[in-house]
Amino acid sequence: MLEMFPYPSGRLHMGHVRNYTLGDVVARFKKAQGHNVLHPMGWDAFGLPAENAALERGIHPGTWTRQNIKDMRAQFMPLGLSLDWEREISTCEPEYYRHEQKMFLDFVKAGLAYRKESWVNWDPVENTVLANEQVIDGKGWRSGAVVEQRKLNQWFLKITHFAEDLLTSIDGLERWPDKVRLMQQNWIGRSEGARVLWPLLDSAGKGIGEKLEVFTTRPDTLFGASFCAVSPQHPLAAKLAETDTALAAFIAECNKAGTSTATIEAAEKKGYDTGLQALHPFIEKWTVPVYVANFVLMEYGAGAIFGCPGHDQRDMDFARKYDLRVSCVVAPKNEDAKDFAAKLESGNEAFTGDGVAINSDFLDGLAVTEAKRAAIAKLEKIKLGTGTVQYRLRDWGVSRQRYWGCPVPIIHCEGCGAVPVPDKDLPVKLPDDVTFDKPGNPLDRHPTWKHVDCPACGKTAVRETDTFDTFIESSWYFARFCSPDSTDKPFDKKAAMAWLPVDQYIGGVEHAVLHLLYSRFFTRAMQACGYLDLKEPFGGLFTQGMVCHETYKSPEGQWLSPADVTKSGETAVRNADKVPVTVGRSEKMSKSKKNTVDPQHIIDTYGADAARLFMLSDSPPERDLEWTDAGIEGAWRYLNRLWRMAAAARDIGARELPAFASLSGNAQGVVRHAHRAIHGVTEDLEKFRFNSAVAKVREFSNAIGELTLDDDGAKAAYRFAVGVLAQLINPLAPHIAEEIWATLGNANPLVDSAWPKHDPAMLEESTVTVAVQVNGKLRGTITVAKNADKAIYESTALALEGVQKYLGGKPPRKVIVVPEKIVNIVAA
RNA sequence: GCCCCCGUGGCGGAAUGGUAGACGCAACGGACUUAAAAUCCGUUGACCGGUAACGGUCGUGCCCGUUCAAGUCGGGCCGGGGGCACCA
């Protein structure tokens, strides 16, 4: 049982409380059912916020982080989580990250990690690389400086090596939400197509002895080609720019624009005609112009495309802008090809649907799929292309120019290149004496740390000063939990194989792709290096919804915290001056909107059980939860009521439950209900229907509350029922459950007790009440013996006054009897 | 633009194709109390008729279909949310 471990921000928030409550319910439930449960906790302790704190407050990131861990651990305690704190790990400690360094070096050996020059978002003020999501409108999120595209040497993990396996194995992740599986599929983005080679000619029509490789998913539309285009970062573009200053300027402009989503969206499609011509692979002596275009991505496919404006909207836009030929080579089956082609070629809409090839020589008449196949066959025959599979997924760049992360264990030597730090010198520890008074990476300007001798030749060399992406730590922590004290190896293989894969993993959907995909990759990479024998780290996955709250805005337009606002009905006023405030829609609790509720305060006021119960009862766990004061009050009131029932049960005194048959009808009813509740709650907990489980528990409490204690049998039944109640709420609200259990005089703690079992015989009823419909409309109900035959159902139903009224004296046309379900009478 | 999910009372939400609205919140009425809090009891989908018990009609975003029977299945709209996004 594992929940995604938290970043130690220093403050517990409601999202944590929900996440860990859900996990704890499962952990306690499974333990009661007799499973051996491992439920550990740790800290995802590297990361940027620590450096920001250092920058803003002059605290060392390590000091800040370790203090936060201490504070947060203390905040976790009152929640009553059944965590194994003996296995606690913290990823910022060398005991943890040293293994990561070793694994990385093994990955390098295995060809799963490599170094290459790549284009990155570079913030010239902060002197660091920015992730795409840190680039807003082409500017650095913190410095506001225009982000540049720079070529930098970066380490990559070869996640694409497993692209096909990562994709096909998704089918086997049956206990993962479909949504997440789909998101991963889309992210990996497999597409089948062809690589096509276009011999290049100069403007005079003479061959330059080179071929341009492009990737396409539509080789069937090759006869509709009207241009080729390469990425501004394509080697061909760079080569041509050496002698073409206008092109060089164009490329520089493209690189300046950045690669953030927003920038790309805003950017207009632009191209630069290189003057080169590309020779069509199928049509003799036919050429198309070659452009450098800003919308062609270097990282995907071959970094170059051929444009077929008739059947790709983007190419169509480009063709219209630069006045290129548009020709139709696919027409829908049931339309007149000539008319369709004429319409398409004069319009601005590309046709991307299915159809039949036209104006395409040997492809004419073939459907799209067949035409693709035929085109690829021909390309392969004339050696100007091959069929290929392309993935959207790219290798994982893991270098970060930051301090608070795991150092990359590499030494750069002028003579030997990138040399791995020898095993005996691991871990490469982060130096503590660093300063944050200047922008950039403190490791880089540390006076001594990076200067070392080359392990290979002994000459002076320098350490790599980049650190790893913090997603690496969280890609294997689940394995570390299996043997957290292992010193020679990251974890004991046997222990890992005994515990893994994680049976139930719980966390937010925001990690649906990155963290979960990285972990799946890492597990495969660890397998390839012999660390374990496993592909998939997480057998079952559950993604919980966010915790939301209404937002409040003052008349001055400032966000207000719920703590500063008093609500009455639909209106709300500011506490300080009673001025009415605007009540906004409910949104995910966040500091920026100030709509957070402090868990500490809630726990102090109502206790952990109330907070847990409310979070479980109000919404299904996968959906967003709306935090309301009224809701937590309700949970609190219910706990009080439970306690009063426990006191009443205690006052009854210990007694055996007499034989069922000797009980009064009401007492029998409660005992039966207990069995029904055990059955229902067990099933709900198995299926993560916690809100429904709480509803059933409350229903059961209501039934107990209605029992009048007028004889010994009833008293015994009451006591019995309260005991069952305690057992059932134990995973949900463990503190009060344990108290009730003890109050009833049980010597052994509830936490060590087995989950109750229902007696199937107790669920059996001798009679059954079913609905009676006439023409599908409810007209009454009948109660008959459980195994009555259909004729009894029919005659009893037809005898109903309400039924007769609607039949109007005529015999029914048809009577449908579904035993134990319904009787539906079709009137004549 | 592409892909996915979701639309049920005043609100959160229940409901293997079979009595829609379980359970809770809020609201209202009552009991207890000098009073309040707490607690307990009751009412609460909409509309129509009836003094009343009660009776009737409509009702799960909208339209169409499948079925004896649709919140649930299929098709088409509308609205909300999420993911990806110049991926060739």
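The shown structure was predicted, so the numbers you read here are calculated from the model rather than taken from an experiment. (Residues numbered from 1 in each chain as written. Chains lettered and ligands numbered in written order. Predicted model: local features only at pLDDT ≥ 70, side-chain atom pairs only at ≥ 80, totals over all residues. Heavy atoms only, no water.)

A few points about the protein's contact with RNA strand B
The environment of RNA strand B is formed by 53 residues, the closest being Thr217, Tyr300, Arg314, Arg394 and Lys821. Of what RNA strand B places within 4 Å of the protein, 65% of the atoms are sugar or phosphate. The backbone of leucine 297 places a nitrogen or oxygen atom 2.8 Å from a base nitrogen of RNA strand B. At 2.6 Å, a side-chain N or O of tyrosine 300 approaches a phosphate oxygen of RNA strand B. Grouping the constituent residues of the surface near RNA strand B by class yields 21 nonpolar, 13 polar and 19 charged. (Near = heavy atom within 4 Å. Polar contact = N/O pair within 3.5 Å; in protein donor to acceptor, adjacent residues only side chain to side chain. Nonpolar A, V, L, I, M, F, W, Y, C, P; charged D, E, K, R; others polar.)

Here we look at the pairing of strand E23 (residues 460–463)
As paired elements, strand E20 (residues 410–413) and E23 share 2 bridges and run antiparallel to each other. For histidine 412, the partnering residue across the bridge sits in E23 and is valine 462. Where strand E22 (residues 451–453) and E23 come together, 3 bridges link them in antiparallel fashion. Residue pairing in the sheet places valine 452 in a bridge with alanine 461 of E23. Counted along the chain from E22 to the antiparallel partner E23, the turn is 6 residues long, and its residue glycine 458 has a positive phi close to 85 degrees. (Pairing = 2+ DSSP bridges. Helix = DSSP H or I, 4+ residues; strand = E, 2+ residues; numbered from the N terminus.)

Digging into helix H6 (residues 178–188)
Among all positions in H6, only Val180, Arg181, Gln184 and Ile188 are buried. Seen end-on, H6 carries its buried residues on one side only, within an arc spanning 100 degrees. For H6, the exposed residues lying more than 90 degrees away from the buried face are Asp178 and Asn186. Positive backbone phi, at 55 degrees, marks glycine 189, one or two positions downstream of H6. (Buried < 20%, exposed > 50% of the residue type's maximum accessible area, 1.4 Å probe, protein only. Arc of directions from axis to C-beta.)

Here we look at the packing of aromatic side chains
Per the counting criterion, the structure on display carries 42 aromatic pairs. The interplanar angle of 80 degrees and the centroid separation of 6.3 Å between the aromatic rings of phenylalanine 227 and tyrosine 291 together place this pair among those described as edge-to-face. With phenylalanine 227 in strand E11 (residues 227–230) and tyrosine 291 in strand E13 (residues 287–293), this residue pair connects regions lying 64 residues apart in the sequence. Of the two residues, phenylalanine 227 and tyrosine 291, both sit in the buried class. Aromatic pair tyrosine 477 and phenylalanine 478: ring centres 6.1 Å apart, planes at 70 degrees, arrangement edge-to-face. Among the residues examined, phenylalanine 478 registers a relative accessible area of 2% and is labelled buried. An aromatic cluster is defined as three or more aromatic residues linked by ring pairs; in this entry it consists of Phe107, Phe162, Trp396, Phe471, Tyr518, Phe521 and Phe522. Taking the ring centre of tryptophan 449 as reference, the NZ or CZ of arginine 463 above it sits at 5.4 Å. (Phe/Tyr/Trp six-rings, centres within 6.5 Å; stacked < 30°, edge-to-face > 60°. Lys NZ or Arg CZ within 6 Å of the ring centre and 35° of its normal.)

Brief notes about the side chain of threonine 91
With respect to the helices, strands and loops of the structure, threonine 91 is situated in the loop between strand E3 (84–90) and helix H4 (94–109). A distance of 2.8 Å separates the side chain of threonine 91 from the backbone nitrogen of alanine 45, its partner in a polar contact. Residue contacts for threonine 91: discarding those within four places in its chain leaves Phe5, Trp43, Asp44, Ala45, Phe46, Tyr96, Tyr97 and Glu473. (Contact = heavy atoms within 4.5 Å.)

Digging into the sheet that holds strand E4 (residues 113–123)
The 4 strands lie next to each other as E5-E4-E8-E18, forming an open sheet whose pairing is antiparallel. A single partner strand is all that each edge strand has here, and the edge strands are strand E5 (128–130) and strand E18 (396–397). Here 3 bridges tie E4 to E5, and the two strands are oriented antiparallel to one another. In the sheet register, tryptophan 122 faces E5, and the bridge partner there is valine 129. Sheet strands in contact with H4 are E4 and strand E8 (148–157), and its direction is about 95 degrees off that of E8. (Axes fitted to C-alpha atoms, helices over the stretch in contact; angles between N-to-C directions.)

Comments concerning the sheet that holds strand E25 (residues 505–508)
Across a sheet, strands are paired by hydrogen bonds formed along the backbone, either parallel or antiparallel in direction. Spatially, E1-E25-E26 is the arrangement adopted by the 3 strands of the open sheet, whose pairing is parallel. Pairing within the sheet leaves two strands with one partner each, and these edge strands are strand E1 (2–3) and strand E26 (541–544). Judged from the 2 bridges that link them, E1 and E25 form a sheet pairing that is parallel. Residue pairing for E25: leucine 2 is matched across the bridge by tyrosine 505. Lying on the sheet, helix H1 (residues 14–32) is in contact with E1, E25 and E26; it crosses E25 at an angle near 165 degrees.

Describing the confidence of the model for chain A
For chain A, the mean per-residue pLDDT works out to 90, and 97% of the residues sit at or above 70. Between residues 259–265, whose pLDDT stays under 50, and residues either more than four places distant or in other chains, the model counts 12 contacts. Here the predicted complex carries an ipTM of 0.94, next to a pTM of 0.92. (pLDDT = per-residue confidence, 0-100.)

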